[in-house]
Amino acid sequence: MTDLRHRPDSGPLWQSVNITGSGAESFLERMLSNRIDNLDEDSWRGAFLLEPTGRIVSGGRFMRTDKGFVAVCDDGWAEPLVDGLAKYRIADAVEFEIDELMGVLAQGDEDPAPPAVIRYRDGFDLRINYGGAADTIRFTRAPEQVLTAADAERQRMRAGIPAFGSELTERTIPLEAGMMDWLSNTKGCYVGQEVIERMWSRDRVARRLASFVSDGEQQLTTPLQFDSDGIKATITSTFVDRGRTVALGYVNTDKPVEVQDSGITWQVSPLGPE
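The notes below deal with the structure included here. Quick caveat, the model's predicted, so the values are computed rather than measured. (Residues numbered from 1 in each chain as written. Predicted model: local features only at pLDDT ≥ 70, side-chain atom pairs only at ≥ 80, totals over all residues. Heavy atoms only, no water.)

1. Re the sheet that holds strand β2 (residues 45-50)
Here is step 1 of the chain: Read across the sheet, eight strands follow the order β2-β3-β4-β1-β5-β8-β7-β6 without closing on themselves; strand pairing throughout is antiparallel. Sheet topology places β2 and β6 (117-120) at the edges, where each strand pairs with a single neighbour. For this sheet the average axis-to-axis angle between neighbouring strands, irrespective of direction, equals 30 degrees. (Pairing = 2+ DSSP bridges. Helix = DSSP H or I, 4+ residues; strand = E, 2+ residues; numbered from the N terminus. Axes fitted to C-alpha atoms, helices over the stretch in contact; angles between N-to-C directions.)

If you want it as structure tokens, here you go:
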């Protein structure tokens, strides 16, 4: 298989982590924010590994294999996942290995819809929502129709989808980003569950994922923080789109607002939990 890390302009990259051993399922079920015990072989499920404070250690899209599980992580987030899980491994029969290959975002057929797993002899596809109707994370010998990094970033920001390293960091609590489908409130205990359940049940988050739009092509360095008349905001990702500046970030309100900072007027639309 080709090492996709060296493909020029290959767009966003994903790493895979093999999690194997007779105790893999029970161990992950105790660690992760979402259920994996009822995961079938034709679908994937997003889940976080959290700190006891509810903040993110790492996370990924988990699929079942004949030897255990594979976690597909954003580039740079596989090692924190392995290190974080290994910290809790005591007598569990479970092993972790970061795969040397990396996946790329590609365009596939519209069916089946996400969150599907398509397996090949030399790899697999994960059908995901990355702002397009037929997005695929492709781990295979010859990925086709690869989106450029710039196009993929524009696509996901238009769709309001948070990404690891920008909207999802070690300071983020998943509820702030509206990542409810990566959480379960019906499973047993997991690391950070107490904080997540308390915030979820009380519907209390200090900030929410939001879309920011400004007229003009703004040259910004992210993360950008500002406070305007009590509206506190952090812009985490940005791009220029047909004479406008479009961004994702966080704001401390659940209502659409207009804010000004450094001469720039932003139309802010919260995307997080209502």
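There's more to say after this.
2. Looking at the pattern of salt bridges
Here is step 1 of the chain: One pass over the structure, following the stated rule, counts 13 salt bridges.
Here is step 2 of the chain: For D241, the salt bridge is made with R242, and the minimal N-O distance between the two is 3.2 Å.
Here is step 3 of the chain: Here R242 falls in the exposed class, since its relative accessible area comes to 73%.
Here is step 4 of the chain: Three or more residues joined by partner-sharing salt bridges are found here, namely R158, D241, R242 and R244. (Salt bridge = Lys/Arg side-chain N within 4 Å of Asp/Glu carboxyl O. Buried < 20%, exposed > 50% of the residue type's maximum accessible area, 1.4 Å probe, protein only.)

3. Considerations on the pairing of strand β12 (residues 244-251)
The two faces of the sheet receive side chains in turn, since in a regular strand these alternate between them.
Here is step 1 of the chain: β12 sits mainly inside the fold: seven of its eight residues count as buried.
Here is step 2 of the chain: Bridging between strand β11 (residues 231-241) and β12 involves eight bridges; their strand directions are antiparallel. Following the sheet pairing, V240 is matched in β12 by T245.
Here is step 3 of the chain: Once β11 ends, the chain turns through two residues before running back antiparallel as β12, passing R242 with a positive phi of about 50 degrees.

4. Some thoughts on helix α4 (residues 193-202)
Here is step 1 of the chain: Burial in α4 covers these residues: Q193, V195, I196 and M199. End-on view of α4: buried residues confined to an arc of 165 degrees, all on one side of the axis. Facing away from the buried surface of α4 by more than 90 degrees, the exposed residues are E194, S201 and R202.
Here is step 2 of the chain: Where the residues of α4 are buried, they touch β2.
Here is step 3 of the chain: D203 sits one or two residues past α4 and shows a positive phi near 50 degrees. (Arc of directions from axis to C-beta. Contact = heavy atoms within 4.5 Å.)

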